[in-house]
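Commentary on secondary and tertiary structure
What follows is each chain in one-letter form.
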Amino acid sequence: MRRHLPLTPGRAAIAAALGLALLAPLPSAAAADPPRAPAPPSAAAPARGDQPHASYWHPDTLLDWDPGTDPDAPFNRSRVPLRTRVSDPALRANANARAGEGGITGLVSFGPTSDNPSQGSADPDYYAFGHWQYLDKLVFWGGSASEGLILAPNATVIDAAHRNGVKVYGTVFFPPTAYGGRIQWVRDFARRTGSTFPVADKLVEVARYYGFDGWFVNQETAGGDAALATDLRDEMRYARALGPVDFMWYDAMTESGAVSWQDALTSANDSFLQEGTRRTSDSMFLDFGWNAAGLDSSRTLARNLGRSEYELFAGIDTEANGYRTSVPWNAVFPPGRPHVTSLGIYRPEWTYTSSTDRADSHAREARFWDGPHGDPSDTTTASAWKGLAHYVAESSAVTAKPFVTSFGAGQGDFHHSAGVRVATGGWNNLSLQDVPPTYRWLVESDGTALHPSIDFTDAYEGGSSLRLTGRLDAVNTVRLYQTRLPVADDTRLSVVVRTPAAGPTRLSAALAFTDAPTTFTTLDLGSTTTSGWEPKTLDLSAFAGRTIAQIGLRASGSDASYDVRVGQIAVYDGAVDVTAAPTAFGVLGATDVSPTRKSLRLSWTAPAGPVHHYEVYRRDAGGRTFLGATPNDAYFVPGLDRVGTETSTTLEVEAVSAEYGRSPAATTSVGWSPATETNLALNRPATASGSCNSAETPDKAVNGSVSGGDADKWCTTTSAKWLEVDLGSVRALNRFVVRHAAAGGENDTWNTRDFTVKVRASAGEPWVTAASVTGNTAAVTTHPVSVTARFLRLEVTRPTQTTDPAARIYEWEAWGS
């Protein structure tokens with residue numbers, strides 16, 4: 001892409017990582033010798049258990065690629081088929097928006113070319129795009145001279161896009177010579193062998209194996225000629241015939257072989273789209289310098305070629321300025337008239353790279369796509385950027401049963417399964433993103449409108465839920481999903497809700513049907529009996545033979561501080577399906593990160609029947625801990641931590657059906673080598689809420705001794721009783737040991753009764769509970785954990801078995817490596 005602009009401040013390190021690999025000129029030494037991507041691993045490599053990444057190549061290394069010998073290949077496969085979408089003009093949110101005309105393509109860089117983890121990571125700070133309803137195609141943007149020119153999308157992005165009916169393309173990027181480009185790479189790419197194009201054969205093989213839809217070809221390297229341009233056109237036609245595989249061509253190289261951006265479809269580049277009766281590519285991305293006259297002539301030429309003008313994507317560059325970018329909107333989307341072409345957005349992830357945190361990122365994304373008011377129906381603003389919802393009507397892939405959403409955003413700070421917390425800690429994984437609401441947010445009310453939001457503090461499944469808050473003083477209808485779901489005699493609607501206390505939800509499910517798509521029928525959800533998650537299952541047999549066009553919620557009544565969470569909405573037939581357990585569950589490879597931590601590559605054989613995803617757990621003495629999930633039959637576990645001195649760890653995988661029924665678990669085990677643990681808290685700096693006297697200070701609790709009498713302990717009578725230890729660096733911890741009053745020879749009625757151990761990695765993070773104890777009477781307690789932390793905190797809530805107010809801790813040990 002030409003005319004790159006500098007990035008704006010904010011998240012500078014991330015932005016630099018995303019941009020510099022594409023744009024920075026290489027040193028002169030690099031230009032003298034073409035850099036090569038790493039050679040494919042040998043057949044022995046799959047025994048490794050380290051992090052798999054999205055695939056990237058130069059043309060010659062792509063020829064050597066074989067999924068049977070590439071250890072990362074199984075982890076990059078998408079198992080989610082491309083879903084059918086609908087867009088009913090009668091249900092568009094914005095009166096100005098048009099359906100079935102111009103679409104939107106996004107060129108998105110989720111990470112540097114060589115650093116796109118295949119299946120997410122343990123970092124919640126990620127671009128979890130959530131406005132698929134306005135996107136038709138996503139280009140997994142990347143490629144650089146120093147890393148690789150050809151980048152395949154990772155599985156998580158393909159899964160999320162396909163679940164929303166959006167096609168995904170990999171990138172072929174031949175950079176300008178100023179950024180390390182070499183025309184020989186283009187010739188290698190387009191080389192013929194007889195009647196075949198070997199690189200094209202591989203492009204089709206990669207797309208088929210990984211499960212994505214096509215390639216975006218960006219040829220900006222100077223030095224070509226007409227013969228090379230002809231070879232590239234013939235190569236795309238050849239690959240399309242092998243298909244199914246799409247190609248999108250970028251307006252840079254012309255038919256003469258020169259790099260000369262046209263900013264339009266012209267006689268100099270039109271054969272890259274269509275040549276006579278021969279279809280060359282499926283679409284073209286027009287460079288950023290277009291104007292109204294150029295787009296109008298492009299439309300005319302496309303039609304004369306027998307192609308739709310909406311296969312042309314007029315490009316805008318939002319990398320630097322996001323929704324502050326100047327765009328001649330009326331040239332592409334004229335008010336009150338059909339769209340002239342489609343729109344291509346270069347780097348819409350500005351909403352993330354320019355933000356300060358997740359909340360700011362989501363607010364910027366809402367402004368970018370939905371408009372200034374977070375309401376796609378109201379895009380009135382003095383700003384030139386009204387939001388994409390102003391121009392393009394929403395599409396929806398909710399077109400088949402079962403339909404289940406838990407409002408998962410593809411990232412979170414914990415993980416819940418059926419309302420139970422099964423893991424604590426941040427994560428991102430777009431494979432686990434649910435179909436986001438079609439309307440973000442559309443609330444109809446004659447009074448004060450409630451505020452819907454994706455809430456990251458609670459969830460029924462995954463790491464987030466839908467929350468409705470505000471002053472309820474009138475009927476509020478929250479339109480959520482446009483759908484096309486036929487109702488049968490046994491169709492059910494399930495809504496899982498949570499209220500702050502037992503009582504009325506004041507909430508109804510709201511359904512509209514295709515025979516009256518804007519009229520809602522409501523079904524009362526009644527009251528809750530607890531403050532926990534409660535499913536409400538509704539029989540839809542009375543509507544058999546009709547088709548659901550919209551799903552929403554309606555709140556009515558009066559509540560000055562209305563606060564209801566919705567953890568799941570599901571539409572399905574009959575009883576909830578449960579699949580058989582996976583089989584052949586085993587470890588492909590393991591890597592020792594430390595003596596007490598491994599990374600693992602796991603695989604299994606899928607059972608018969610539809611599976612939404614698989615969940616992987618470790619089995620502990622007191623239950624199990626969630627390790628991750630994927631729709632795939634292979635999964636990478638970045639960190640399995642040893643608990644205490646265990647010699648093996650049992651792992652489980654279960655299949656979750658499309659209706660969220662869970663199969664029995666398949667099991668396997670991982671062995672541990674003998675390892676020496678260390679008390680990492682010994683003699684480390686300690687602070688506390690107070691001390692009973694000058695001898696019973698916090699350092700006495702980490703001095704390694706309990707035999708020094710009454711003065712060999714920490715003691716406090718403060719109202720809040722806490723002890724903190726700084727380990728100096730983040731360490732892997734396997735267990736905590738607390739030695740209470742009787743361990744030092746004092747009365748056993750003074751042993752600590754109720755206490756909590758909390759941890760965090762840095763001083764700026766919130767404390768996370770690692771162990772919680774109530775009703776203890778023992779002199780010594782041991783608490784197996786699997787955490788990494790630098791700072792430790794012991795909070796005493798009931799210090800003794802009696803009314804004695806003093807907490808007495810003779811030693812607090814943190815064992816790990």
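Keep in mind that this is a model prediction, so the values were computed, not measured.

1. Observations regarding the overall build of the protein chain
When helices and strands are counted, the protein chain shows 11 helices and 43 strands. Its C-alpha radius of gyration of 29 Å places the protein chain within 12% of the 28 Å reference for a compact globule of 817 residues. In terms of principal-axis extent, the alpha carbons of the protein chain reach across some 95 × 70 × 50 Å. Buried positions account for 58% of the 817 residues belonging to the protein chain.

2. What about the pairing of strand β20 (residues 491-498)?
As a general feature of sheets, a regular strand has side chains that alternate between the two faces. Buried residues dominate β20, accounting for 6 of its 8 residues. In this sheet, strand β27 (residues 559-573) lies alongside β20 in antiparallel orientation, the contact comprising 8 bridges. The residue bridging Thr 491 from the neighbouring strand is Asp 573, located in β27.

3. Some remarks on the state of the cysteines
Under the criterion given, the structure shown has 1 disulfide. Here Cys 692 is linked by a disulfide to Cys 715, with a sulfur-sulfur distance of 2.0 Å. Taking the torsion about the S-S bond as the criterion, the Cys 692 to Cys 715 disulfide, at about -60°, is left-handed. Note that Cys 692 is positioned in the loop between β36 (686-688) and β37 (714-716) and Cys 715 in strand β37, a separation of 23 residues in sequence.

4. Observations concerning the confidence of the model for the protein chain
In low-pLDDT segments, the atomic positions of the prediction should not be examined closely. Per-residue confidence for the protein chain gives a mean pLDDT of 93; residues scoring 70 or more make up 94%. The model gives residues 3-47 a pLDDT under 50, and that stretch makes 98 contacts with residues more than four places away or in other chains.

5. Observations concerning the pattern of salt bridges
Evaluation of the coordinates by the stated rule reveals 54 salt bridges. Between Arg 793 and Glu 724 there is a salt bridge, with the nearest N and O atoms lying 2.3 Å from each other. Here Arg 793, found in strand β41 (residues 780-798), pairs with Glu 724, found in strand β38 (residues 721-739); they are 69 residues apart in sequence, far enough to count as distant. Judged by relative accessible area, Arg 793 falls into the buried class, the value being 13%. On the accessibility criterion, Glu 724 (18% relative accessible area) is buried. Look at the salt bridges and you will find they share partners, linking Arg 192, Asp 231, Arg 233, Asp 234, Arg 237, Glu 275 and Arg 278 into a network.

6. A short note on the sheet that holds strand β34 (residues 666-671)
Either a parallel or an antiparallel arrangement is found when strands of a sheet pair, and the pairing is made through backbone hydrogen bonds. In spatial order, the strands read β31-β30-β33-β34; together these 4 strands make up an open sheet with antiparallel pairing. Each end of this open sheet is capped by a strand with a single partner; those strands are β31 (623-630) and β34. The average angle at which neighbouring strand axes cross in this sheet is 30°, direction not considered. Bridging between strand β30 (residues 611-620) and strand β33 (residues 648-657) involves 8 bridges; their strand directions are antiparallel. Bridged to Tyr 617 within β33 is Glu 652.

7. Let's talk about the packing of aromatic side chains
Taken as a whole and judged by the stated rule, the model has 38 aromatic pairs. On the numbers, 5.6 Å between centres and 85° between planes, the contact of Trp 141 with Tyr 346 is edge-to-face. Residue Trp 141 is located in the loop between β3 (137-140) and β4 (150-151), and its partner Tyr 346 is located in strand β12 (residues 342-346); the two are separated by 205 residues in the primary sequence. Taken individually, Trp 141 and Tyr 346 each receive the classification buried, so the pair is uniform in this respect. Judged by centre distance (5.0 Å) and plane angle (70°), the ring pair of Phe 403 and Tyr 481 falls under edge-to-face. Here the residue Phe 403 occupies a position in strand β13 (residues 403-405), and Tyr 481 occupies one in strand β19 (residues 476-486), the gap between them amounting to 78 residues. Neither residue differs from the other here; Phe 403 and Tyr 481 are each classed as buried. Lying over the aromatic face of Tyr 209, Arg 77 brings its terminal NZ or CZ to 3.8 Å of the ring centre. Lying across the ring of Phe 414, Arg 421 places its NZ or CZ 4.1 Å from the centre.

8. Regarding the sheet that holds strand β28 (residues 583-594)
Taken in spatial order, the 3 strands of this open sheet run β28-β29-β32, and their pairing is antiparallel. This sheet does not close on itself; its edge strands, each paired only once, are β28 and β32 (634-641). The average undirected angle you get between the axes of adjacent strands in this sheet is 20°. Across 6 bridges, strand β29 (residues 597-605) lies against β32 in antiparallel orientation. Each bridged residue has a counterpart across the sheet, and for Lys 598 the counterpart in β32 is Leu 640.

9. Overview of the side chain of Thr 477
If you trace the backbone, Thr 477 turns up in strand β19. Judged by relative accessible area, which is 4%, Thr 477 ranks as buried. There is a polar contact of 2.8 Å between the side chain of Thr 477 and the side chain of Arg 554.

10. Focus on the side chain of Glu 311
Relative to the helices and strands, Glu 311 is located in the loop between α8 (292-304) and β11 (312-317). Since its relative accessible area comes to 19%, Glu 311 is described here as buried. Not counting the four nearest positions on each side in its chain, Glu 311 is found in contact with Arg 279, Asp 282, Ser 283 and Met 284.

11. Observations regarding the packing of helix α6 (residues 198-210) against helix α7 (residues 226-242)
Angle between the axes and distance between the axes are the two parameters that describe a pair of packed helices. Packing of α6 against α7 leaves a shortest axis separation of 9 Å and a crossing angle of 40°. With respect to α7, the axis of α6 lies oblique. Crossing of α6 over α7 shows right-handed handedness. Packed against α6, whose contacting residues are Val 199, Ala 200, Asp 201, Val 204 and Arg 208, the element α7 presents Glu 235, Tyr 238, Ala 239 and Leu 242 at the interface. The class makeup of the residues in the contact of α6 with α7 is 6 nonpolar, no polar and 3 charged.

12. Describing the pairing of strand β26 (residues 547-555)
With 8 of its 9 residues buried, β26 lies for the most part within the structure. Pairing of β19 with β26 involves 8 bridges; the strand directions are antiparallel. Across the sheet, residue Val 478 finds its bridge partner in β26, namely Leu 553. Relative to β26, strand β22 (residues 507-513) runs antiparallel, the two being bridged by 7 bridges. Within β26, the position partnered with Ala 512 by the bridge is Gln 550.

13. Looking at α7
Because each turn of an α-helix spans 3.6 residues, side chains separated by three or four positions end up pointing in the same direction. With 17 residues, α7 extends 25 Å between its outermost C-alpha atoms, agreeing within 8% with the 24 Å of an ideal straight helix rising 1.5 Å per residue. When we look at burial in α7, the residues that qualify are Leu 228, Ala 229, Leu 232, Arg 233, Asp 234, Glu 235, Met 236, Arg 237, Tyr 238 and Ala 239. Those residues of α7 that are buried lie in contact with α5 (183-189), α6, β6 (214-219), β7 (246-250), β8 (274-275) and β9 (278-279).

14. Considerations on the environment of Ala 711
Within the fold, Ala 711 resides in the loop between β36 and β37. Residue classification places Ala 711 among the partly exposed positions, given a relative accessible area of 33%. Between the alpha carbons of Ala 711 and Ala 778 there is a distance of 21 Å; along the sequence they are 67 residues apart. With sequence-adjacent residues up to four places away left out, Ala 711 is seen in contact with Ala 695, Glu 696 and Lys 700.

15. Quick word on helix α11 (residues 358-369)
An ideal rise of 1.5 Å per residue puts 16 Å on 12 residues; α11 measures up with 16 Å between its terminal C-alpha atoms. Considered for burial, the residues of α11 that qualify are Ser 361, Arg 364, Glu 365, Ala 366, Arg 367, Phe 368 and Trp 369. Tucked inside the fold, the buried residues of α11 contact β2 (104-108), β12 and α10 (350-353). The distance from a side-chain oxygen at the start of α11 to the backbone nitrogen of Ala 359 is 3.3 Å, and the residue carrying that oxygen is Asp 357. Looking one or two residues past α11, Gly 371 carries a phi angle of roughly 110°, positive in sign.

Rules used in this analysis
- Residues numbered from 1 in each chain as written.
- Predicted model: local features only at pLDDT ≥ 70, side-chain atom pairs only at ≥ 80, totals over all residues.
- Heavy atoms only, no water.
- Helix = DSSP H or I, 4+ residues; strand = E, 2+ residues; numbered from the N terminus.
- Rg over C-alpha atoms; globule rule 2.2 N^0.38 Å.
- Buried < 20%, exposed > 50% of the residue type's maximum accessible area, 1.4 Å probe, protein only.
- Pairing = 2+ DSSP bridges.
- Disulfide = S-S within 2.5 Å.
- pLDDT = per-residue confidence, 0-100.
- Contact = heavy atoms within 4.5 Å.
- Salt bridge = Lys/Arg side-chain N within 4 Å of Asp/Glu carboxyl O.
- Axes fitted to C-alpha atoms, helices over the stretch in contact; angles between N-to-C directions.
- Phe/Tyr/Trp six-rings, centres within 6.5 Å; stacked < 30°, edge-to-face > 60°.
- Lys NZ or Arg CZ within 6 Å of the ring centre and 35° of its normal.
- Polar contact = N/O pair within 3.5 Å; in protein donor to acceptor, adjacent residues only side chain to side chain.
- Parallel < 35°, antiparallel > 145°, perpendicular 65-115°, else oblique.
- Left-handed = near helix turned anticlockwise from the far one by under 90°.
- Nonpolar A, V, L, I, M, F, W, Y, C, P; charged D, E, K, R; others polar.
- Expected span 1.5 Å × (residues − 1).

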